[in-house]
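Chain by chain, the residues:
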Amino acid sequence: MSSQSKVKKIVVIGAGTMGHGIAELSAIAGYDVVMIDISEEILRKALENIRWSLGKLRERGSLKEDVDTVMSRIKTSLSISESVRDADLVIEAVPENLDLKKRVFAEVDKNAPPHTIIATNTSSLPITEIAEATQRPDKVIGIHFFNPPVLMPLIEIIIGEKTSKETLDIAVEYSKSLGKEIVIVKKDIPGFIVNRLLGRIASQACYMVDRGEADPISIDSALKYKAGLPMGIFELLDFSGIDVFVFIFNEMSKRGYRLKPCKTIEEKFKAGEYGMKSGKGFYIYPAPGRYARPSIPREPGEKINIVRILAPAVNEAAYLIRNGIVDSPEVIDKAVRLGLGYPRGLLEMADEWGIDVVVNVLKDLKQKYEIEDYEPDPLLVKMIEENKLGRKSGVGFYTYGLIEEKKLSTLIIRREGRIGWIILNRPERLNAINLDMLKELSASLDELENDENIRVIIITGSSRAFSAGADVTSFMGVNVVKAYMFSRKFQEVLDKIERLAKPVIAAINGYALGGGLEMALACDIRIASENSMLGQPEINLGLIPGAGGTQRLSRLIGPGKALEIIFTGDMIPAREAEKIGLVNRVVATEHFEREVRSFASKLSEKPPIALMAAKHAIRYGLESPLFSGLVLESAEFSMLFSTEDLIEGVSAFLQKRKPEFKGK
């Protein structure tokens, strides 16, 4: 049964930013809404804000109805007792004051019909305490919207100690009817999910400032550029209001959330420096209430260890999972991605760092500062005992594809699900390429191409380089004939990469120079980390590129740029390489392996035969006149009509499901 069949009329108590946003969302979803506040002036401004917001949504094409049609569903009132008499769902959105909320709930309970569900939009106060003001605790629930409600995709639904399953079901259906994603907090704890995690991050960042380990700009810089978060934590405190955070975390602390006071935040609060709303917080703003994004450069955060900032939040997440407050790691990561705008989940990050790394940081912090909050959660300790260390062990908070590794003299071959990795492994020589590496590379390419389970191949380097080029020490005493033979042997291996039947990605993680860049040029896709440097420096030794650089480079970026790179022998930063088309994309160094793996995983889900056909049509077509290339394309196109993958692709499209291609 849908929420519309159970819920017809909604009453929203409180017409502030959250209240009028909730009213707007409900009206857009087709509900009749009454919005209540203490004065006509507040209600008038709320209606103006709703109309303005609806107009913007209409301009963007995301509102199907006319603005007036939606507005017609919203009424206003100054009376709780009159408005709730026929309400099906009441949502309280008054300030975070427990006594005030209890008074509101008592009045609603006294005047609403027995079936009415009463929800609170509180972001931190326990639902069970609020429900004590009513005679219907089974019909009280938390429906926590995020600011601004119209734009933020997440709702936290919090179950009180006596909340009934029917109440939960209706709250879930209502939330989904608004087009929102939900996470369910199964036990009523202060701060729920997002604010508990945010509290750990904010307090740890503040402690680091208190202790003189870092300043706010350095921490925000690290979180923005190394962790990839949308805002630094001090930037977020300023934006949301330092006073709001102090109030929320004080209320949480009173109810058992262990949080050691932080001097830096307390000083800002006592000085009335609340952030954007007061014109000054950790940053300075043009005027009170006028927001301008603070200037946070990349460099200050480069030396900050982001695990040190985020490990306490991982510890808190482990506590939530272990105590059954959330069902799974996915709930935690969904909450931070949608509630805080993180590009990836907190526990996904922990798996990438290594659970052992997180625990070692926590132990170091506890030993150094003697704070019990740093004690690693038993769940993390158990994960280490069971060798669930994250990606490197194949299982952590999440389970990854079975990883098999084979170490050769110059390479490592790794199989990870459908992805095959070839890792150049001469780190002491910056992965310089010698004849042994070429022989092993050629054999490894054959091995992975013939492995039916492998669909995508990644070539990368160990340590801080992709490859610094050919090993010049092996050139000593080489005559003209041997130099020619080395060049041709090198070219033959790179030709094999180019002609391979499977997509090959060059994951450029550092220096890609000379022969290293030539190897990357032979790959189909080049993804570079931000700290990478690329170039053809052979001219500085009195040489020219000898493994295809003069040919592939000019075909890729044009003869003018190719000549400039080869003539000067200069190294090019990754971002510049991206601008001229030398690499397909550049990603943050901190996220590099994850981004490469994510892209390879995406390709591995595509139909293998079609990928091969597309690669061959483009590769061979470039070497042919246009007419011949078009004939080749037609031949490849028609060949695909004989594949089972085509039938699967069309069937999945018609059935609106994800296809499962078999490569047949």
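Our structure's up above, just so we're on the same page.
Below you will find a few notes about this structure. Since the model is a prediction, treat every value here as computed from it, not as a measurement. (Residues numbered from 1 in each chain as written. Predicted model: local features only at pLDDT ≥ 70, side-chain atom pairs only at ≥ 80, totals over all residues. Heavy atoms only, no water.)

Here we take up the packing of aromatic side chains. Inspection of the entire model under this criterion finds eight aromatic pairs. Plain terms: the ring middles of Phe486 and Phe490 are 5.9 Å apart, the flat faces sit at 70° to each other, and that makes the pair edge-to-face. Here Phe486 pairs with Phe490, and both are found in helix α20 (residues 480-499), just four residues apart, close to one helical turn. Linked through ring pairs, Phe239, Tyr285 and Tyr291 together constitute an aromatic cluster. The lysine or arginine in question, Arg200, covers the ring of Tyr257, its NZ or CZ lying 4.2 Å from the ring centre. Positioned over the ring face of Trp421 is Arg414, at 5.6 Å from the centre of the ring. (Phe/Tyr/Trp six-rings, centres within 6.5 Å; stacked < 30°, edge-to-face > 60°. Helix = DSSP H or I, 4+ residues; strand = E, 2+ residues; numbered from the N terminus. Lys NZ or Arg CZ within 6 Å of the ring centre and 35° of its normal.)

Glancing now at unusual backbone geometry. The residue after Asn147, namely Pro148, is reached through a cis peptide bond having omega -5°. Examined against the element boundaries, Pro148 turns out to sit in the loop between β6 (140-145) and β7 (154-159). Although it is not a glycine, Asn387 sits at a positive phi angle of roughly 60°. Summarising the element assignment, Asn387 is placed in the loop between α18 (378-385) and β9 (403-407).

This part takes up the state of the cysteines. Within the structure shown, the criterion is met by one disulfide. Between Cys206 and Cys262 runs a disulfide, and the two sulfur atoms are separated by 1.5 Å. Its torsion about the S-S bond being -85°, the disulfide of Cys206 and Cys262 is classed as left-handed. Of this pair, Cys206 sits in helix α9 (residues 194-210) while Cys262 sits in the loop between α12 (242-254) and α13 (263-270), and the two are 56 residues apart along the sequence. By relative accessible area, which is 0% here, Cys206 ends up buried. A relative accessible area of 7% means that Cys262 is categorised as buried. (Disulfide = S-S within 2.5 Å. Buried < 20%, exposed > 50% of the residue type's maximum accessible area, 1.4 Å probe, protein only.)

So, about helix α2 (residues 17-28). Between its terminal C-alpha atoms α2 stretches 17 Å, which fits the 16 Å expected from twelve residues at 1.5 Å a residue. Judged by how many residues are buried, α2 sits mostly within the fold: ten of twelve residues are covered. Among the residues of α2, Met18, Gly19, His20, Gly21, Ile22, Ala23, Glu24, Leu25, Ser26 and Ala27 are the ones counted as buried. Count one or two residues on from α2 and you reach Gly30, which has phi positive near 105°. (Expected span 1.5 Å × (residues − 1).)

By themselves, these are just geometric observations and shouldn't be taken as functional.
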